[in-house]
Amino acid sequence: QVRLVESGGGLAQPGGSLRLSCTPSQSVYTFYVIGWYRQPPGSQRALVATITHDRKTTYADSVKGRFGISRDDHDNVVHLQMDNLKREDSAVYYCHAMRKSESGDLYTYWGQGTQVTVPS
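Attention here is on the structure that accompanies the text. What you see is a predicted model; the values in this text were computed from it and never measured. (Residues numbered from 1 in each chain as written. Predicted model: local features only at pLDDT ≥ 70, side-chain atom pairs only at ≥ 80, totals over all residues. Heavy atoms only, no water.)

A few points about the state of the cysteines
Scanning the entire structure with this criterion turns up 1 disulfide. Through a disulfide, Cys22 is tied to Cys95; the S-S separation comes to 2.0 Å. Because the sign of the S-S torsion sets the handedness, a value of about -80° for the bond joining Cys22 and Cys95 places this disulfide among the left-handed ones. Within this pair, whereas Cys22 is found in strand β3 (residues 18-24), its partner Cys95 is found in strand β9 (residues 91-100), the two being separated by 73 residues in sequence. The pair formed by Cys22 and Cys95 is uniform in burial state, with each residue classed as buried. (Disulfide = S-S within 2.5 Å. Helix = DSSP H or I, 4+ residues; strand = E, 2+ residues; numbered from the N terminus. Buried < 20%, exposed > 50% of the residue type's maximum accessible area, 1.4 Å probe, protein only.)

And the structure:
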């Protein structure tokens, strides 16, 4: 059973910064891709940023230039550095990981979510 433990959410002022961390219960480099999604109130969950096993990164257009995702294999953690936060970044942020089996089957895992609030 894979668990993803998130930390680092909270309250930040507009223009401020937060860093989210996701620690999987298994080695981070064993996942095909790992990253973050977010879900504002009344909206669907949407991709924020991901990093693949070979360290390719993807970002939502709304966070490009402000957020950075990184993977630390030694500490077994994935960080999401969020700078220049805006009110519209307020959401529950979920760590997401995907593993691909040798046969090509994909297995998806989710964390429990961490709240990020940026007041207006």
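Considering the sheet that holds β3
Sheets are built from strands that pair by backbone hydrogen bonding, the pairs being arranged parallel or antiparallel. Read from one edge of the open sheet, 4 strands run β1-β3-β8-β7, paired in antiparallel fashion. Across the chains shown, the open sheet's two edge strands, defined by having one partner strand only, are β1 (4-7) and β7 (67-72). Within this sheet the neighbouring strands show an average axis-to-axis angle of 15°, counted without direction. Examined bridge by bridge, β1 and β3 share 4 bridges and lie antiparallel to one another. When the sheet's bridge partners are listed, Ser7 is paired in β3 with Ser21. (Pairing = 2+ DSSP bridges. Axes fitted to C-alpha atoms, helices over the stretch in contact; angles between N-to-C directions.)

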